[in-house]
Amino acid sequence: MRTEKVIVEKYNNRWVNEFQKLKIYFQQILGDSIISIEHVGSTAVCGLAAKPIIDIDVIIKNYSNFTEVKSKLKKYGYYYEGDLGIKDRHAFRYDKSIFMAHHLYVCPKYSKELKRHILFRNYLRSHEEDMKKYAEIKLKGASIYPENIEKYMKYKENIINEIYRKLNLK
């Protein structure tokens, strides 16, 4: 799903419930083909402003059953888009959904990008000052670049890299 307009909202408690609905749905579709399902991204951090789009990482053991996972998702309207330039993180798009807007990724458990998602989320959950600083930058970036996702992403880059350094990820 391509972001056309950059809309960042203050944290909404609804996001956790929406993730839970999606998690149950994907667990029913994928069953024992997967290890777990993680809520990642800004909507997964209580108090953090975010684009109102749920980011989901579905975790598989390795690629031995990736074709099966792709097939199950396709049956329910999720189409494989490839890794979009990020190793071991596979994106899926959908045309219509009964759920809140979301991004769906499938990652093997050893994926570096999965690790980054989890560590970044957990850091923001436990470091309120940095979380608030990041929220301010996100809100300001969206107000400056409401029509340009690339410039919005670039605007946030410094604080993201600062947190990655604290996590020894850069």
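Provided above is the structure to which this section pertains.
Heads up: these notes are all about the structure in this document.

Parameters and conventions
Residues numbered from 1 in each chain as written. Predicted model: local features only at pLDDT ≥ 70, side-chain atom pairs only at ≥ 80, totals over all residues. Heavy atoms only, no water. Axes fitted to C-alpha atoms, helices over the stretch in contact; angles between N-to-C directions. Helix = DSSP H or I, 4+ residues; strand = E, 2+ residues; numbered from the N terminus. Parallel < 35°, antiparallel > 145°, perpendicular 65-115°, else oblique. Left-handed = near helix turned anticlockwise from the far one by under 90°. Contact = heavy atoms within 4.5 Å. Buried < 20%, exposed > 50% of the residue type's maximum accessible area, 1.4 Å probe, protein only. Expected span 1.5 Å × (residues − 1). Bend = angle between axes of the 7 residues up to and from the residue. Polar contact = N/O pair within 3.5 Å; in protein donor to acceptor, adjacent residues only side chain to side chain. Pairing = 2+ DSSP bridges. Nonpolar A, V, L, I, M, F, W, Y, C, P; charged D, E, K, R; others polar. Phe/Tyr/Trp six-rings, centres within 6.5 Å; stacked < 30°, edge-to-face > 60°.

We now examine the packing of helix α1 (residues 14-30) against helix α2 (residues 66-75). Following both chains from N to C, one finds α1 and α2 inclined at 120°, their axes separated by 9 Å at the closest point. Considering the angle they form, α1 stands oblique to α2. As for the relative orientation of α1 and α2, their crossing is right-handed in sense. Two secondary-structure elements touch here, α1 through Phe26, Ile29 and Leu30 and α2 through Val69, Lys72 and Leu73.

Attention now goes to unusual backbone geometry. For Asp88, which is not a glycine, the phi torsion comes out positive at approximately 60°. One can find Asp88 in the loop between β3 (78-82) and β4 (90-94). A residue is classified by how much of its surface remains accessible, and Asp88, at 12% relative accessible area, is buried. Unlike most non-glycine residues, Asn168 shows phi in positive territory, near 60°. Here Asn168 lies in the segment after α5 (149-166).

Each turn of an α-helix holds 3.6 residues, which means side chains three or four residues apart point in the same direction. Here α5 spans 25 Å end to end across 18 residues, near enough to the 26 Å set by a 1.5 Å rise per residue. A maximum bend of about 45° is found in α5 at Glu157. Turning to α5, its buried residues number three or more, namely Ile149, Tyr152, Lys156, Ile159, Ile160, Asn161, Ile163 and Tyr164. Of the surrounding elements, those touching the buried residues of α5 are α3 (112-126) and α4 (128-144). Here α5 starts with a cap whose side-chain oxygen sits 3.1 Å from the backbone nitrogen of Glu150, and that cap is Asn148. Within two residues after α5, Asn168 carries a phi angle of roughly 60°, on the positive side.

Quick look at the pairing of β4 now. In terms of burial, β4 is largely enclosed, as four of its five residues are buried. Pairing between β4 and strand β5 (residues 102-108): three bridges, direction antiparallel. Following the sheet pairing, Ala91 is matched in β5 by Tyr105.

When you line up the elements, Lys51 lands in the loop between β1 (36-40) and β2 (54-60). Residues Lys51 and Val8 lie 43 residues apart in sequence; the distance between their C-alpha atoms is 4.3 Å.

It is the contact of α3 with α4, at a shortest axis distance of 5 Å, that shows an interaxial angle of 110°. Between α3 and α4, the angle is such that the two are roughly perpendicular. Contacts from Phe120, Tyr123, Leu124 and Ser126 of α3 reach α4 at Glu128, Asp130, Met131 and Tyr134. Residue composition of the contact of α3 with α4, by class: five nonpolar, one polar and two charged.

The description of an aromatic ring pair rests on the distance of the ring centres and on the angle between the ring planes. Counted by the stated rule, this structure contains twelve aromatic pairs. When the centroid spacing of 6.2 Å and the interplanar angle of 90° are considered together, the rings of Tyr25 and Tyr76 count as edge-to-face. Taken together, the residues Tyr25 in helix α1 and Tyr76 in the loop between α2 and β3 connect sequence positions 51 residues apart. Take Tyr76: its relative accessible area is 42%, and that puts it in the partly exposed class. Ring geometry for Tyr63 and Phe66: centres 5.7 Å apart, planes at 85°, overall edge-to-face.

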